[in-house]
Amino acid sequence: MSRISHKFRRLALPVLATPLLSGCVLLSDAINPTLLTQVGLDPNTIFPSPGAVIVVFNNQTQFPVLFYAFQAQEPADLAVDATNMSLLVDPATTRNTVLDCPIGVVSPGVLGPTFEPETLAATVFNGQGTDVDYLGAALISGRDFACGDVIEIRVTAGAGGDQQQAFAINVFVLPGT
């Protein structure tokens, strides 16, 4: 019996290895665009993942901050696939959100009911609640940022050091790789 199993192994190994080797050849051919065309697939319709933009909300104050931002697909028409975002960030903490590309515009602030940008970009909970406006321009894809970049929206405190101190919104774009 030992002799039969030994002979079986010697004969079975080449038989079993042949499909494995031919499978490797077929696997490499599956990547070949010509083969894809031959089986009825158009290689031009296979697109890689478009990536993402990371929006970082950085609270550099001693108070909790509620950040407001929006993104839209079309910079010329903010009603196209527009989304308002809000995120509560603890004091001296950073949080983020990931937006799938393509994105047309990202900005601190909110879009009103008529899709007009409003300047309210953050509320600092410093006792009475202080609203912070963003007076800068919206960030446009291809001009101000690209897919893969990190957009940081930062709230900082002024030099006053009390509950009535001024707060500011700063926006930075960190290029991706």
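Residues numbered from 1 in each chain as written. Predicted model: local features only at pLDDT ≥ 70, side-chain atom pairs only at ≥ 80, totals over all residues. Heavy atoms only, no water.

**Q** Could you give an account of the side chain of T123, with specific residues and numbers?
**A** Within the fold, T123 resides in strand 8 (residues 120-124). T123 sits in the buried class, given a relative accessible area of 8%. Of the polar contacts made by the side chain of T123, one reaches the side chain of Y68; its length is 3.3 Å. In this structure the side chain of T123 is engaged in a polar contact, spanning 3.0 Å, whose partner is the side chain of D131. (Helix = DSSP H or I, 4+ residues; strand = E, 2+ residues; numbered from the N terminus. Buried < 20%, exposed > 50% of the residue type's maximum accessible area, 1.4 Å probe, protein only. Polar contact = N/O pair within 3.5 Å; in protein donor to acceptor, adjacent residues only side chain to side chain.)

**Q** Tell me about the confidence of the model for the protein chain, and name the residues and values.
**A** Atomic detail in the predicted coordinates should be set aside for any region of low pLDDT. Of the residues in the protein chain, 68% have a pLDDT of 70 or more, and the chain-wide mean is 82. Considering only residues more than four positions removed or in separate chains, one finds that residues 19-30, a stretch of pLDDT under 50, has three contacts. (pLDDT = per-residue confidence, 0-100. Contact = heavy atoms within 4.5 Å.)

**Q** Residue-level account of the pattern of salt bridges, with values.
**A** All told, the structure shown has two salt bridges when counted by the stated rule. Two residues, D144 and R143, come together in a salt bridge whose shortest N-O distance is 2.8 Å. With a shortest N-O distance of 2.9 Å, R154 and E152 are connected by a salt bridge. Its relative accessible area of 9% is what places E152 among the buried residues. (Salt bridge = Lys/Arg side-chain N within 4 Å of Asp/Glu carboxyl O.)

**Q** Go over the state of the cysteines, please, and point to the residues and values.
**A** If you walk through the whole model with that rule in mind, you get one disulfide. One disulfide bridge connects C101 with C147, the sulfur atoms lying 2.1 Å from each other. Measuring handedness by torsion sign, the sulfur bridge of C101 and C147 sits at about 110 degrees and is right-handed. Placement of the pair is C101 in the loop between strand 4 (93-100) and strand 5 (105-108) and C147 in the loop between strand 10 (139-140) and strand 11 (150-157), with a sequence separation of 46 residues. Looking at C101, the relative accessible area reads 10%, which means it is buried. (Disulfide = S-S within 2.5 Å.)

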